[in-house]
Structures are given as C-alpha cells and as structure tokens.
Amino acid sequence: MPADALRGRAMSSRTNPALATGRSMPTRRNTELVMLIFAVLVVMAAQAIVDATVRGAVGLDVVYYGAGFAGLWLIAHLVVRRFARYADPLILPAVALLNGLGLVLIARLDFAAELDAQSSGEALPGGDAPLQLAWTLVGLLLFVAVLVLIRDHRVLAKYGYTLGAGGVVLLALPALLPSSLSEVNGAKIWIRVAGFSIQPGEFAKIAVLVFFAAYLVAKRDVLSLASRRVLGLELPRGRDLGPVMVVWLASLGVLVFEKDLGSSLLIFGIFIVMLYIATERVSWLAIGLLLFSAGAYVAYQLFSHVRVRVQVWIDPFAFRDDEGFQIVQSLFGLGTGGLFGTGLGNGRPDSLNVYAKTDFIVTTIGEELGLFGLVAVLMLYLLLVERGFRTSLLVRDAFGKLLAAGLAFSVALQVFVVVGGVTKLIPLTGLTTPFVSYGGSSLVANFALVALLVRISDAARRPESPIGAPPPLAEAKTEIVAR
Amino acid sequence: MTAAIVVQTFRFGFLILLWLFIFAAFRVVKADLFGAGPARVSPVPRRGAPAAKQAKRKGPKGPRQLVVTGGSLTGTRITLGTQPILVGRADDSTVVLTDDFASSRHARLTNRDGDWYVEDLGSTNGTYLDRARVAGPTLIPSGAPIRIGKTVLELRS
C-alpha cells in the first residue's frame, strides 16, 4: 500500500515532540531495560538453584545460558527501542520472566528424566530444553518481524476477512488431514511434517481474533442499537444473532472433529467477550452463557471423551489408575508443595506426570515454588493482562481498543482454563500455559500476540495526538494528479 | 546433596526474589497511573461558576490542560501547548467526540499569547461558552464551561 507507506513516512518525519495536544508521555524504555535485567537475574538465580540442588554444584553453564537468554531479550528490547519507542515498559519483562522460568523448569525436568532413565537402565532421552530455547529464538524472530512489518496496527483491520478466512483454514486443516498426520493422544490438532509437529490452532487463534476485532468495529452499531426489550434485557434482533451462531457452530465443529475442548472454549469465549466489549450490552454475555451451556450439554450427551473429562473432574480418585491419573498426581504435587514449595529441584514432578512439561507445568511450579510461587507466576500473567487492558483504554481508535482487549482477554482466559483444569476447579482441557509450557507452536504464536500488544501500546502512548491523521484539508498542499 | 540450610535459603530466597520482581513491576504500574499530574476531575461541571473569581487564580502561564467534564468522554484531559485544538466528530480532530449533537468539525480552540480563544466552525447546534452562544473567536476565562452538544469542556491550569 503506497499510500500507507507515504503516510508512515510523514509520521516519522514529524519529530517535534512538543506537539500541543497529546498526553506527554516519557518513552520509559530505560524502565523496561532495568526490569528486563531484573527478570534475567531472577531466571539465572533459578537456574543456579536448580543446578546446586540437583547436581550439587553450580557450573559456568549458568553464566553461558544466562548470557544467551539475556542476549535474546536484549535484541527484543533494542527492536522495541527502535520500532516501538513508546510501548508499555512492563509487557516485555513479564513475558521474559515467564519464558525464562519455563525454560528453567523444562531443563530441570529434562535432567530428572535423565536420572530416571539412568537408574532404570534405559536409553537417555533427548532433552527438550535446547529445543524450547530454539523455539524461543524463532518466537523472538517472529516478534521482531511483526514489529518491523506492521508499523501501524490499523493496517490489520483491512486484512480482517483475509485473516479470518486464513484462521478458519488453519483451524480446520488438522480435522481434514488423515489421522496419521494430525492425531496425537486423541486430539486432532496437529500437523506433522518432516519430524516437526505444529499446532496451527495457536496461530489461528490470533488470526481469528484480529478478524473479530475488525468485524465488530464495522458492525457494532447494528449489533448494539437495534434491539427489543424482553424481561429487562436488551435482546438483539434475530438476524443479528447470525455471526454469534456461526462462531458457536465453528467452535462446536472444532470440538467434534478435532476433539479439542480447550481451543473450542477459547474461541467461543473470546468472541463473546469481544462482542460484549464492542457493544457494551450484557445481553450478549447472557446469550453466550446460554449457548455455551447448550453446547456443553449436547457435547456431554454425544461425545464419550467429554463425558470422561467431566466424570474425572467430579471424582478423579475413582479413575486414579487410568484417565484420572494425571489430575490425581497433579493434586498430590500441589499438596506436596504446600505454601512455600519444596524448593526448586527438590520436588518429584517428573515421576508424577507424563505431561509435566506441557499441560501440567503449573503443577511443577506449584510443587517446587508452592502457593506463593504459583501466585507470583499468576501475578505475572495478571500484569500482562492488565497492561493489555490499559493499552485498550488508552489507544484512540476503536479497532485498536477491541484488538488489545481481545488479546489480553485471550491470555487471561487461557491461563484460567489451564490453571483451573490442573487444580480441578473446572474439567481439564488440553491447553498450554502461555510462554511457560513446552511447545513450539504455542510459544511462537504467543510471541506474535505480544508483538501486537506492544505495537498497539506504542500507538496508545505515543504523544502525537491523532496518530497518522492527514493534515487538515485547509493546510494540505494542492496536488496535480496525472492521468 | 547440598546442606539443608542452603536448601532452605534457596527455597525462601527465590520466592522473595520473585515477589521483589512483582513489587518492582507494580511500582512501575503505579508511576504510570499517578505519575502525570494531579488525580481526579470532578465530573459535574459547576454551572455558572463565577468565572472571574477563577480567572484571578490563573497562573501567569495560563491554562495548561483541557478537561472534559461532561458527556461520554468525561475525564479525558489533554495537555495544552501552542497548537490549536480541533473539537468535533471527525477522526482527525484533537478531541474526537462521540456526541450525536456535535458536528464533524465543531469548534476550534486557539492560543494567542497565552490566552485561549474558542471559535465555532459553523456547527449545526452551536458552541456555548458558559450559557452564551459563541459567534466569533471569544476569550475563554479559566474555569468557564464550553458546551458542545452534551459534552462540556473546561480549561484548567
């Protein structure tokens, strides 16, 4: 789009910071750097403690890995400094700490698995931590790419329908592929090509989210104005229910054809909440809950895997040797952790759980760092979500508002579903803990999500008032248009 | 295996470190929230407030902020510089109103030697300065409410 490129250049050439109108905001990049260094130090301390406890000595490894990790995030910081000067200073450090803690825990679980294999005389399993570090690098590259390529988040609104269609294709792809290429542990949510397996649903989530924001900004007046009042609730007209029904059916489709409870819940939840934010009407929440209940009931009646999940949730100890094994071990792990945990490297999360690195990493945190540590990690997520909503409040354009709120809410909902599932608050669904769990797709996709948040927060806090607005007509230069 | 005392130190030391990070992060949040200027704006515009009395309290530099005290944008504040401020429903206005009674280019606030003037840009429903309809550029006394549709703006020092 040449017009956009031009506009972008005009924007950057406007360097006068004393532009009268906006809120004058410092860039806060140095705060970000200090917090990033703090985060890296915490991660290095964690690794040193694990080494000291598990291996009995702290080697130079800590320094090497620490330096590598710090280098990765320094690159991210420099890119933000260059391309998103006014971005929120806390998003990056919070993500860095979560990601670092995840890496330390995965390396620690790798080592425990090695010990297990040694004692039972089996072949040593390959570690997952180096792979996760490689994925972190890929994620950071995507982060940089998004920040460099998307200079103005509003460009995304133009590609709303394209991204929406792409998201649906990504979401549906594993269901259409033969099971040999897409099924792992009963869930058809993978694409396995040449030794790599990726979960397209993670990327689909973001694409669909952008589409929701673009669509709702365009249609929100229709959705919020035309209504009838029934029983004190402003109900929308029947035909305006169309999009909700489509998303509802799509998320049910994910559940039916891919057996993926988590993604299904995530997509429907995000849509309902974005609809609510766009229209400010409580009735959408009521309709959403109603549809959710109906869908949940039907799914419970029709599908055995949903039924099993619910039964395990109600009484996991009745199934402690088969389906309920993971959740029972998770509860034992959390119980062992208690208030202050066993200390890093002192727990036995490895022998408890097959999925200790992925779905159940929250249990590992709870066991080794206790309730205090787990709450601290949840606070980091809270921080990230809060910064997202704050960005949403500050940014001036409706699309940015809706997108930032949607991104923030998607993180919140995902964390709720994971932690709720692991602690037996709600039935267990297979979702990853953002930034912490082992898993390339989730990590890389979430880096893209954070890049979008950083981009919007930069626009929100930039002191120039109407970002990228053309000059008033009276002051514009006369142009001769060649034909 | 490491000595028990060391393990315990690690155990609690790390938790303290983790919470120190959270504490530091929330300090940043706090600085972000309360760093800029005094806090709240009273949402109720003082009707017919004695403008002269307020004008006396005006500092030598004149007003520094434009505050929205009524309508859907209540609470919004904009730091004043020397550039004019456009008010209206158009996207490129400085204050973008979502007010059905406002025109797309409704009014302009201009600075002349530290004094602010309000000027109606041919709006449909008019701009009112403290009850009186604005015809030409009019000096805004500090604290006098400017009414545009349902929105009320005020200059504050």
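What you are looking at is a predicted structure, and each value in this text was computed from that prediction instead of being measured.

Criteria and cut-off values
- Residues numbered from 1 in each chain as written.
- Chains lettered and ligands numbered in written order.
- Predicted model: local features only at pLDDT ≥ 70, side-chain atom pairs only at ≥ 80, totals over all residues.
- Heavy atoms only, no water.
- Axes fitted to C-alpha atoms, helices over the stretch in contact; angles between N-to-C directions.
- Helix = DSSP H or I, 4+ residues; strand = E, 2+ residues; numbered from the N terminus.
- Parallel < 35°, antiparallel > 145°, perpendicular 65-115°, else oblique.
- Contact = heavy atoms within 4.5 Å.
- Nonpolar A, V, L, I, M, F, W, Y, C, P; charged D, E, K, R; others polar.
- Pairing = 2+ DSSP bridges.
- Salt bridge = Lys/Arg side-chain N within 4 Å of Asp/Glu carboxyl O.
- Polar contact = N/O pair within 3.5 Å; in protein donor to acceptor, adjacent residues only side chain to side chain.
- pLDDT = per-residue confidence, 0-100.
- Buried < 20%, exposed > 50% of the residue type's maximum accessible area, 1.4 Å probe, protein only.
- Expected span 1.5 Å × (residues − 1).
- Left-handed = near helix turned anticlockwise from the far one by under 90°.
- Core = buried A, V, L, I, M, F, W, Y, C linked by side-chain atoms within 4.5 Å.

(A) Molecular detail of the packing of helix 12 (residues 282–302) of chain A against helix 13 (residues 304–314) of chain A. All names here are of chain A. Packing of helix 12 against helix 13 brings their axes to within 6 Å, and their N-to-C directions diverge by 105°. What the angle tells us is that helix 12 and helix 13 run roughly perpendicular. Residue-level contacts link Ala299, Tyr300, Gln301 and Leu302 of helix 12 to Ser304, Val306, Arg307, Val310 and Gln311 of helix 13. Each residue belonging to the contact of helix 12 with helix 13 can be placed in one class, and the counts come to 5 nonpolar, 3 polar and 1 charged.

(B) Structural detail: unusual backbone geometry. You will see that Phe435 of chain A, though not glycine, has its phi angle at about 70°, which is positive. Structurally, the position occupied by Phe435 of chain A is in the loop between helix 17 (398–422) and helix 18 (440–461).

(C) Examining the sheet that holds strand 11 (residues 151–156) of chain B more closely. All names here are of chain B. On the basis of which strands lie adjacent, the open sheet formed by 6 strands has the order 2-1-11-10-7-8 and antiparallel pairing. What marks the edges here is a single partner per strand, and that holds for strand 2 (77–79) and strand 8 (132–133). Two strands pair when backbone bridges link them, and strand 1 (residues 65–70) and strand 11 are joined in this way by 5 bridges, in the antiparallel orientation. Residue Val67 lies in a different strand from strand 11, and its bridge partner there is Glu154.

(D) Molecular detail of the interface of chain A and chain B. Taken together, the 46 residues of chain A in the interface contact 35 residues of chain B. For the interface between chain A and chain B, the tally reads 3 salt bridges. A salt bridge links Arg461 of chain A to Asp32 of chain B, with the shortest nitrogen-to-oxygen separation between them at 3.2 Å. At the junction of chain A and chain B, the tally comes to 4 residue pairs in polar contact (both at pLDDT 80 or more). With 11 residues, helix 16 (residues 361–394) of chain A is the largest single contributor of residues to the side of chain A that touches chain B. Per-class residue counts for the side of chain A that touches chain B are 28 nonpolar, 11 polar and 7 charged.

(E) Region of interest: the confidence of the model for chain B. All names here are of chain B. Residues at a pLDDT of 70 or more form 82% of chain B, whose mean pLDDT is 77. When pLDDT is averaged over each element of chain B, helix 1 (residues 4–34) comes out on top at 90 and helix 2 (residues 51–57) at the bottom at 44. For residues 36–46, every residue scores under 50 in pLDDT, and the model assigns this stretch 21 contacts once sequence neighbours within four places are set aside. Here residues 48–60 is modelled with pLDDT under 50, and outside its nearest four sequence neighbours on either side it reaches 11 contacts, counting other chains as well. Reported confidences for the modelled complex are a pTM of 0.76 and an ipTM of 0.84.

(F) Layout of the pairing of strand 3 (residues 85–88) of chain B. Residue and element names in this part refer to chain B. Here strand 3 shows no split at all, with Ile85 and Val87 on one side and Leu86 and Gly88 on the other all buried. Note: strand 3 against strand 5 (residues 107–112), 3 bridges, orientation antiparallel. Each bridged residue has a counterpart across the sheet, and for Val87 the counterpart in strand 5 is Ala107. Sheet topology note: the strand 3/strand 4 (residues 95–96) ladder contains 2 bridges and is parallel. Across the sheet, Val87 pairs through a bridge with Val95, a residue of strand 4.

(G) Seen up close, helix 1 of chain B. With 31 residues, helix 1 of chain B ought to run about 45 Å at 1.5 Å a step, and its terminal C-alpha atoms sit 45 Å apart, in line with that. Taken together, the buried positions of helix 1 of chain B are occupied by Val7, Arg11, Phe14, Leu15, Leu18, Phe21, Ile22, Ala24, Ala25, Val28, Val29 and Asp32 of chain B.

(H) Structural detail: the packing of helix 2 (residues 29–54) of chain A against helix 4 (residues 91–120) of chain A. Residues and elements named next belong to chain A. Relative to each other, helix 2 and helix 4 sit at 15°, their axes nearing to 8 Å. The angle between the axes of helix 2 and helix 4 places the two elements in the roughly parallel class. For the pair helix 2 and helix 4, the crossing hand works out as right-handed. Taking contact as the criterion, the partners of Glu32, Met35, Leu36, Ala39, Val42, Val43, Ala46, Gln47, Val50 and Val54 in helix 2 are, on helix 4, Leu92, Pro93, Ala96, Leu97, Gly100, Leu101, Val104, Ala107, Arg108 and Phe111. Split into classes, the residues belonging to the contact of helix 2 with helix 4 amount to 16 nonpolar, 2 polar and 2 charged.

(I) Summary view of the nonpolar core. The biggest cluster of nonpolar side chains holds 124 residues, and the ones touching the most others in it are Trp73, Leu97, Phe143, Leu403 and Val454 of chain A together with Phe14 of chain B. Here this core takes 14 residues from helix 18 of chain A, the largest share from any one element. Membership of the second largest hydrophobic core comes to 21 residues, among which are Leu66, Val68, Val95 and Ala144 of chain B.

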